[in-house]
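# An overview of the molecular structure
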Amino acid sequence: SQQGEEDPQALSIQEGENATMNCSYKTSINNLQWYRQNSGRGLVHLILIRSNEREKHSGRLRVTLDTSKKSSSLLITASRAADTASYFCATGPGNTDKLIFGTGTRLQVFP
Amino acid sequence: DAGITQSPRHKVTETGTPVTLRCHQTENHRYMYWYRQDPGHGLRLIHYSYGVKDTDKGEVSDGYSVSRSKTEDFLLTLESATSSQTSVYFCAISEGGTIAGELFFGEGSRLTVL
């Protein structure tokens with residue numbers, strides 16, 4: 001079964017708006033990562049947040065992590081058409097070298 | 001960009017035939033992974049390797065085998081392909097360790113089993 005579940009499954013917004021995606025997971029983790037996938041391409045790493053961190057920023061990206069609720073959110077501010085992609089959270093459960101991915105959120109940003 | 005090459009990029013085959021997908025890296029990373037991606041399921045881990053000749057199963061390993069005889073190559077074999085193995089297969093690499101780190105992905109291999 002999937003470790004991470006993203007919500008919503010799909011999201012459509014206008015350029016300039018903010019996009020928020022959520023991820024819930026089931027077991028304790030060492031870190032949580034977010035990836036982007038453009039249509040027909042491989043996944044690209046965006047950001048990693050460790051279990052002892054609560055918030056992390058990278059450019060227009062802001063990630064939060066709430067280990068008590070086993071959830072994370074990815075905020076993309078001032079979205080651009082080029083942000084159109086699928087976004088996946090991935091978790092490293094416990095003392096494991098495996099990364100388990102969620103089902104993803106499809107983001108569509110209209111010009 | 002991480003040096004990861006998957007081959008073939010596209011393959012159509014018939015049920016019951018063997019298929020081998022190859023992942024080649026130029027990064028000398030210790031860890032290599034094979035995932036499959038299907039609509040509604042996201043990415044699911046098939047097998048991974050943490051060193052030459054060291055492999056372990058993922059969550060959907062049935063019907064698949066892997067081999068890693070060199071650091072740079074990780075092969076995924078479907079001994080007898082079935083239609084349920086129609087999917088897009090992604091190889092990924094990481095420097096690895098006891099805690100999962102950042103993965104670098106290849107461009108994917110689209111397999112169709114008729």
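First things first, this report covers the structure right here in the doc.

Calculation notes
Within each chain, residue numbers correspond to sequence positions counted from 1 in written order. Chain labels run from A onward and ligand labels from 1 onward, assigned in the order the entries are written. Local features in a predicted model are, by the rule used here, given only for residues with pLDDT of at least 70; side-chain atom pairs are given and counted only at 80 or more, and totals for whole chains, interfaces and linings are based on all residues. With hydrogens and water stripped out, all remaining heavy atoms of the structure feed into the side-chain values. Segments assigned H or I by DSSP are reported as helices when at least four residues long, segments assigned E as strands when at least two residues long, and all are numbered from the N terminus. Atoms considered for the radius of gyration are the C-alpha atoms alone. The globule rule reads 2.2 Å times the number of residues to the power 0.38. Burial classes follow relative accessibility: with a 1.4 Å probe on protein chains only, a residue under 20% of its type's maximum area counts as buried, one over 50% as exposed, and anything between as partly exposed. Throughout, a residue-residue contact means that at least one pair of heavy atoms, one from each residue, lies within 4.5 Å. Each accessible area is a Shrake-Rupley result for a 1.4 Å probe, and residues are judged covered by the shown protein chains and nothing else. By convention in these notes, a salt bridge is any Lys or Arg side-chain nitrogen within 4 Å of a carboxyl oxygen on Asp or Glu. Whether two strands pair comes down to DSSP finding at least two bridges between them. An axis is simply a line fitted to the C-alpha atoms; with a helix, the fit covers only the stretch in contact. Between two such axes, the angle follows the N-to-C directions and lies from 0 to 180 degrees. Summed over both partners, the accessible area (1.4 Å probe) lost when two parts come together is defined as the buried area. Side-chain classes follow a simple rule in which Ala, Val, Leu, Ile, Met, Phe, Trp, Tyr, Cys and Pro form the nonpolar group, Asp, Glu, Lys and Arg form the charged group, and the remainder, Gly included, forms the polar group. What we call a nonpolar core is a set of buried Ala, Val, Leu, Ile, Met, Phe, Trp, Tyr and Cys residues that are connected through their side-chain atoms within 4.5 Å.

### Re the overall build of chain A
Helices and strands together make up the secondary structure of chain A, namely zero helices and eleven strands. Counting from the amino terminus, helix and strand elements in chain A follow one another as β-β-β-β-β-β-β-β-β-β-β. Relative to the compact-globule value of 13 Å for 111 residues, chain A shows a C-alpha radius of gyration of 13 Å, a close match. Each principal axis of the C-alpha distribution contributes one length, and for chain A these read about 45 × 25 × 20 Å. Of all 111 residues assigned to chain A, the portion counted as buried reaches 49%. The long-range share in chain A, meaning contacts at least 24 apart out of those at least 6 apart in sequence, stands at 56%. Accessible surface for chain A amounts to roughly 5100 Å². Of this, 44% is attributable to carbon and sulfur atoms.

### Thoughts on the pattern of salt bridges
Residue and element names in this part refer to chain B. Under the definition given, this model contains seven salt bridges over all chains. Residue Lys70 pairs with Asp73 through a salt bridge whose shortest N-O separation is 3.3 Å. Its relative accessible area of 39% is what places Lys70 among the partly exposed residues. Note on Asp73: relative accessible area 8%, which makes it buried. One network of salt bridges, with partners in common, ties together Arg22, Lys70 and Asp73.

### Regarding the sheet that holds strand β3 (residues 19-25) of chain B
Residue and element names in this part refer to chain B. With antiparallel pairing, four strands are arranged side by side in an open sheet as β1-β3-β8-β7. Edge positions in the sheet fall to β1 (4-7) and β7 (65-70), since each of these pairs with one other strand and no more. For this sheet, the mean inter-axis angle between neighbouring strands, taken without regard to orientation, is 20°.

### Description of the interface of chain A and chain B
Many authors give the size of an interface as the accessible area that is lost as the parts come together. Taken together, the contact between chain A and chain B spans 24 residues of the former and 24 residues of the latter. Roughly 1800 Å² of surface becomes buried between chain A and chain B when both sides are summed, with 50% attributable to carbon and sulfur atoms. The tally of links between chain A and chain B comes to one salt bridge. Contributing elements (two or more residues each) for the side of chain A that touches chain B: β4 (29-37), β5 (43-50), β9 (85-93) and β10 (100-101) of chain A. For the side of chain A that touches chain B, the leading source of residues is β4 of chain A, giving five residues. Here the side of chain A that touches chain B is composed, by residue class, of seven nonpolar, 14 polar and three charged.

### Remarks on the nonpolar core
One finds Leu32, Trp34, Leu74, Ile76, Tyr87 and Leu107 of chain A to be the most contacted residues of the largest nonpolar core, which totals 22 residues. Put simply, the parts of the chain that give this core at least two residues each are β2 (10-14), β3 (19-25), β4, β5, β7 (61-66), β8 (71-76), β9 and β11 (105-110) of chain A. Residues contacting Leu74 of chain A, with those up to four places away along its chain left out, are Ala19, Thr20, Met21, Trp34, Leu46, Leu61, Arg62, Val63 and Tyr87 of chain A. If you look at the next biggest cluster of nonpolar residues, it comprises 19 residues, including Val19, Tyr64, Phe74 and Leu111 of chain B.

Limitation: the analysis is restricted to geometry and does not speak to function.
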